Amino acid sequence: MQTDVLVIGAGAAGMYAAIGAARAGARVVLADRSLIGRGGATVMAQMTVAAALGEETPDHWEYHVADTLKAGRGLCEPALSQLLCEDAPECIREMDNWGVGWARDEKHIRQVQAPGHDRPRCVYVDFVNTGPAVSKTLRAQLNRIPEVRRVGDVLVTDLAIHDGVCVGAHAVHVISGEVLTLNAKATILATGGLTRLYARNSASINMGGDGYALALRAGADLVDMEFVQFFPIGHLAPRLVGMDPIMWDPFRYKLGGKLLNAELQEFLNEDGRYVSVRDHATHAILEEVAAGRGTPHGGAWLSFRHCSEAELRSAFGPIIDRLAANGIDLTRQAIEVAPIAHYHMGGIRVDTDMQTGVPHLFAAGEAVGGANGANRLSGNAITEAFTFGRRAGLRAAALAAKTAMPLIGQETDRGRSDFPLSRINAAAEIARLQQVMNEHVGPLRASGGLGRALEHITDLAEECEQLPAPRAGLDPEWLDLHDLRNLRLVAECIAQAALAREESRGAHQRQDFPETSERWQRHQRIRLGGGGVRLES
Amino acid sequence: MAAECGLKARLRIHRGTPGTAGRFEVHEVPFEPGQTVLDALRWIRIHRDPSLAIRFSCINANACKECMINVDGRTVYACMTRLTESETTLEPLPNKTLIRDLVTEIAPPDERLRVTGSFGEPTEE
């Protein structure tokens, strides 16, 4: 298959990139390993989208940048943060014109003040429906663009590199087992994040760091890989089905709520307001648990018992019934919450045209590192997907317009039929790796645990380095082995970067180096070379 | 294993690929009240049989809508259906093309790659 622009990943960043590239005159193939617009992080987003619209109170994108940089603890790449904030209002209004349905008052789009923002800046779709509405809207736009060929169940196994230039990708159609060559003048990685690496995560199974592994193997640099964001108040207990574990964020920005330890004390000085940024709240909860003041399941209480049934219904309508079906009555009981792996600040190193270090290879959305530094501000993830996706699409199309169609062979070693399927149970190994990462490479780290994690990660290498040829029929064992191979490589990047950074900053807290050090106000870059992961700062 | 001494759920699961005679396999899985059918299927893949195919993406959020299967004759989402202590029969959707085990073709037709070969532009210039 040939195309001008290949977009890998069909969440908000990939879909926006495809729309942007088609608008600029390119033929586009939008490929996703799952279903278009349904498998990634976007459809699961239940929170807000930050943009300086000035609908609720006067605002300017420069204020949004200032808050983003402050939350990023000195590590944001300012040009990327600026792009995110400056282009945000245009994307949000474009989505509004496309009928996404941002919640409104009579006169204007409603904006709430999420933690870390200096004013109400975050839009959303009721009720707890931001992600599904965003996905549906972008899919509807794509359906109207004949220049975009959407194709699901296509898993990219490696980028195709010729003379150092990206010329497309090698892929597998996971339904038929057919090996595909996707030939493209420009390629955009919009594969999302890596939080599936942690036992406790709010990820889908597609967030296994595919894009980072693809970029690394293609020769691109990654940056800031040690900064994995844990969302502080992920649902913990009682068991809740049919709701994403990050669902308490909208409850807090609408209703406040009290975060309490086992002694029923508010330990964050919030006084019922939702004001603590994510790194602080995460560490505060973990410290309460460590001090023996955790809840029965090892977290904190979140209480909305000050709210009446009528208030709850007015704010969340049918969601209250879904909670009732799970046996939860917020007027009578507090629920348990605890930090949960949610987003990756690090990622592929790009310039403000979204170009990676590999010519003709772009990246967009969560796959990109740098815009959010050491700690992401609430509401910036979907904004990042929109703005970076659009920019990547436009720039990739412009580059494709002056590029001849490259030809690629099928020679790369991505699936040899003579290579036997590994003897290991990759599903079980993924579960073990998730436990190791959660225990030793989570929000609180120390050299001993990081060393043990690296030992485990290194020992896994031999078992999953080679991929055999896939069989037809969504071959589950092959898929697990594919995922384990990428997860393992990305886990090594995080653990190595975390071990090297001997300070505490934002999402990276070292128990053996608790202070923030000026000397460390710098990025660490990672590339593959000399037979392994190489760290540079 | 403490979990093995507690409550058990019994699942009869359809196995097989197109063109082969399907069969049912029975698995017993430990469970705590509140757990879902998808939880049990994921447990089986990790602890008993990684070759079992089930399609899902979002795991617990009811957002991706990919885990639709037939449970005791009803079409449901595996992630939303609670386990029970009695025996439960799991089958692929009856009105969709079988891919493997519990997985059927659910992608919109215009977003599929034609299974028989390449699509769209020819591979060579």
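Since the structure is predicted, the reported quantities are computational estimates derived from the model, not experimental observations. (Residues numbered from 1 in each chain as written. Chains lettered and ligands numbered in written order. Predicted model: local features only at pLDDT ≥ 70, side-chain atom pairs only at ≥ 80, totals over all residues. Heavy atoms only, no water.)

## Re the overall build of chain B
- Along the backbone of chain B there are one helix and seven strands.
- From first element to last, N terminus to C terminus, chain B shows the α and β order β-β-α-β-β-β-β-β.
- Split into buried and exposed, the 125 residues of chain B put 51% on the buried side.
- In chain B, of all internal contacts separated by at least 6 residues, the share reaching a separation of at least 24 is 47%. (Helix = DSSP H or I, 4+ residues; strand = E, 2+ residues; numbered from the N terminus. Buried < 20%, exposed > 50% of the residue type's maximum accessible area, 1.4 Å probe, protein only. Contact = heavy atoms within 4.5 Å.)

## A few points about the packing of aromatic side chains
- Evaluation of the coordinates by the stated rule reveals eight aromatic pairs over all chains.
- Considering the side-chain rings of tyrosine 124 of chain A and tyrosine 253 of chain A, the 5.5 Å spacing of their centres and the 50 degrees angle between planes classify their relative orientation as tilted. One end of the pair, tyrosine 124 of chain A, is in the loop between strand 4 (122-123) and helix 4 (130-143); the other, tyrosine 253 of chain A, is in helix 6 (residues 248-255), with 129 residues separating them in the sequence. Both residues of the pair, tyrosine 124 of chain A and tyrosine 253 of chain A, belong to the buried class.
- Members of the aromatic cluster, joined through ring pairs, are Trp248, Phe251, Phe304 and Phe316 of chain A.
- Cation over ring: arginine 376 of chain A sits above tyrosine 343 of chain A, and NZ or CZ is 4.1 Å from the ring centre.
- Over the face of the ring belonging to phenylalanine 24 of chain B we find arginine 12 of chain B, whose NZ or CZ atom lies 4.2 Å from the ring centre. (Phe/Tyr/Trp six-rings, centres within 6.5 Å; stacked < 30°, edge-to-face > 60°. Lys NZ or Arg CZ within 6 Å of the ring centre and 35° of its normal.)

## Focus on the pairing of strand 1 (residues 8-15) of chain B
Residue and element names in this part refer to chain B.
- Across eight bridges, the pairing between strand 1 and strand 2 (residues 23-30) is antiparallel. Opposite lysine 8, over in strand 2, you have proline 30 as the bridge partner.
- Bridging between strand 1 and strand 5 (residues 87-91) involves four bridges; their strand directions are parallel. Note that in strand 5 the partner of arginine 12 across the bridge is threonine 89. (Pairing = 2+ DSSP bridges.)

## Quick word on the interface of chain A and chain B
- The partner chain B presents 46 residues to the 48 residues of chain A that form the contact.
- Here chain A meets chain B over a buried area of about 3900 Å², counting both sides, of which 51% is carbon and sulfur.
- Linking chain A with chain B are six salt bridges.
- Note that arginine 139 of chain A and glutamate 111 of chain B form a salt bridge whose closest N and O atoms lie 3.4 Å from each other.
- At the surface where chain A touches chain B, the tally comes to 23 residue pairs in polar contact (both at pLDDT 80 or more).
- For the side of chain A that touches chain B, the elements supplying multiple residues, two or more each, are helix 4, strand 5 (148-151), strand 8 (178-189), helix 11 (426-440) and helix 13 (476-500) of chain A. (Buried area = accessible area lost by both parts, 1.4 Å probe. Salt bridge = Lys/Arg side-chain N within 4 Å of Asp/Glu carboxyl O. Polar contact = N/O pair within 3.5 Å; in protein donor to acceptor, adjacent residues only side chain to side chain.)

## Focus on helix 8 (residues 309-316) of chain A
Residues and elements named next belong to chain A.
- Residues of helix 8 that are buried include every one of Leu312, Ala315 and Phe316, and no others. Looking straight down helix 8, one finds its buried side chains confined to an arc of 75 degrees; they lie on one side. Facing away from the buried surface of helix 8 by more than 90 degrees, the exposed residues are Ala310 and Ser314.
- Contacts made by the buried residues of helix 8 are with helix 6 and helix 9 (318-325).
- Residue glycine 317 follows helix 8 closely and has a positive phi angle near 40 degrees. (Arc of directions from axis to C-beta.)

## Some remarks on the sheet that holds strand 1 of chain B
Residues and elements named next belong to chain B.
- One open sheet holds the five strands; their spatial order is 2-1-5-3-4, and the pairing between them is mixed. Of all strands in the sheet, those bounded by a partner on one side alone are strand 2 and strand 4 (74-77). For this sheet the average axis-to-axis angle between neighbouring strands, irrespective of direction, equals 35 degrees.
- The pairing of strand 3 (residues 68-71) with strand 4 spans four bridges and is classified as antiparallel. By the bridge assignment, asparagine 70 is partnered in strand 4 with threonine 75.
- Sitting on the sheet, helix 1 (residues 37-47) touches strand 1, strand 2, strand 3 and strand 5, and the angle it makes with strand 2 is about 95 degrees. (Axes fitted to C-alpha atoms, helices over the stretch in contact; angles between N-to-C directions.)

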